[in-house]
Amino acid sequence: MTNEIKEFRDGIFALRTRRFGTVAELMIEALYNFSKSHNQFHDRYDEVGHP
C-alpha cells in the first residue's frame, strides 16, 4: 500500500461520524450507480432494482 493510499484511508477514518457516513454513501453511489434518496428513509436509491 502506498503512502498516499494510507493517508487517504487514515483521513477517512479520522472523519467525524456524520462525515464518515457521507463519504461511504458517495463511494457506494459511485460503485453501484445509485441515485439520491427519494425520502428520509434511506440514503441512496437503486433505480434499477426498485423502479
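Residues numbered from 1 in each chain as written. Predicted model: local features only at pLDDT ≥ 70, side-chain atom pairs only at ≥ 80, totals over all residues. Heavy atoms only, no water.

Draft legend 1. Geometry of the overall build of the protein. The secondary structure content of the protein amounts to two helices and two strands. When the helices and strands of the protein are listed from N to C terminus, the series reads α-α-β-β. A buried classification covers 4% of the 51 residues belonging to the protein. With the model as given, the accessible surface of the protein reaches about 4,700 Å², and the carbon-plus-sulfur share is 58%. (Helix = DSSP H or I, 4+ residues; strand = E, 2+ residues; numbered from the N terminus. Buried < 20%, exposed > 50% of the residue type's maximum accessible area, 1.4 Å probe, protein only. Areas by Shrake-Rupley, 256 points an atom, 1.4 Å probe, with all protein chains shown as cover.)

Draft legend 2. Summary view of the confidence of the model for the protein. Scored by pLDDT, the protein comes out at a mean of 80, with 88% of its residues at no less than 70. Mean pLDDT across the elements of the protein bottoms out in strand β2 (residues 44-45) (72) and peaks in helix α1 (residues 3-13) (89). (pLDDT = per-residue confidence, 0-100.)

Draft legend 3. Representation of the pattern of salt bridges. Evaluation of the coordinates by the stated rule reveals one salt bridge. For the salt bridge of R9 with D10, the shortest nitrogen-to-oxygen distance reads 3.1 Å. (Salt bridge = Lys/Arg side-chain N within 4 Å of Asp/Glu carboxyl O.)

Draft legend 4. Seen up close, helix α2 (residues 17-32). Relative to the 22 Å expected for 16 residues at 1.5 Å per residue, α2 spans 22 Å between its end C-alpha atoms, a close match to the ideal helical length. Backbone geometry just downstream of α2 places N33 in the positive-phi region, at approximately 55 degrees. (Expected span 1.5 Å × (residues − 1).)

Draft legend 5. Representation of a nonpolar patch on the surface. Taken together, M27, I28, L31 and Y32 make up a surface patch of nonpolar side chains, about 450 Å² in accessible area. The topology assignment puts L31 in helix α2. Exposure remark for L31: the relative accessible area of 66% places this residue in the exposed category. (Patch = residues over 30% accessible without salt bridge, like charges linked within 9 Å, V, L, I, M, F, W, Y side chains within 5 Å.)

Draft legend 6. Quick look at the environment of E47. Inspection of the secondary structure assignment puts E47 in the segment after β2. Take E47: its relative accessible area is 37%, and that puts it in the partly exposed class. In this structure the C-alpha to C-alpha distance between E47 and N33, which are 14 residues apart in sequence, comes to 8.8 Å. Residues within four places of E47 in sequence aside, it is in contact with S35 and H38. (Contact = heavy atoms within 4.5 Å.)

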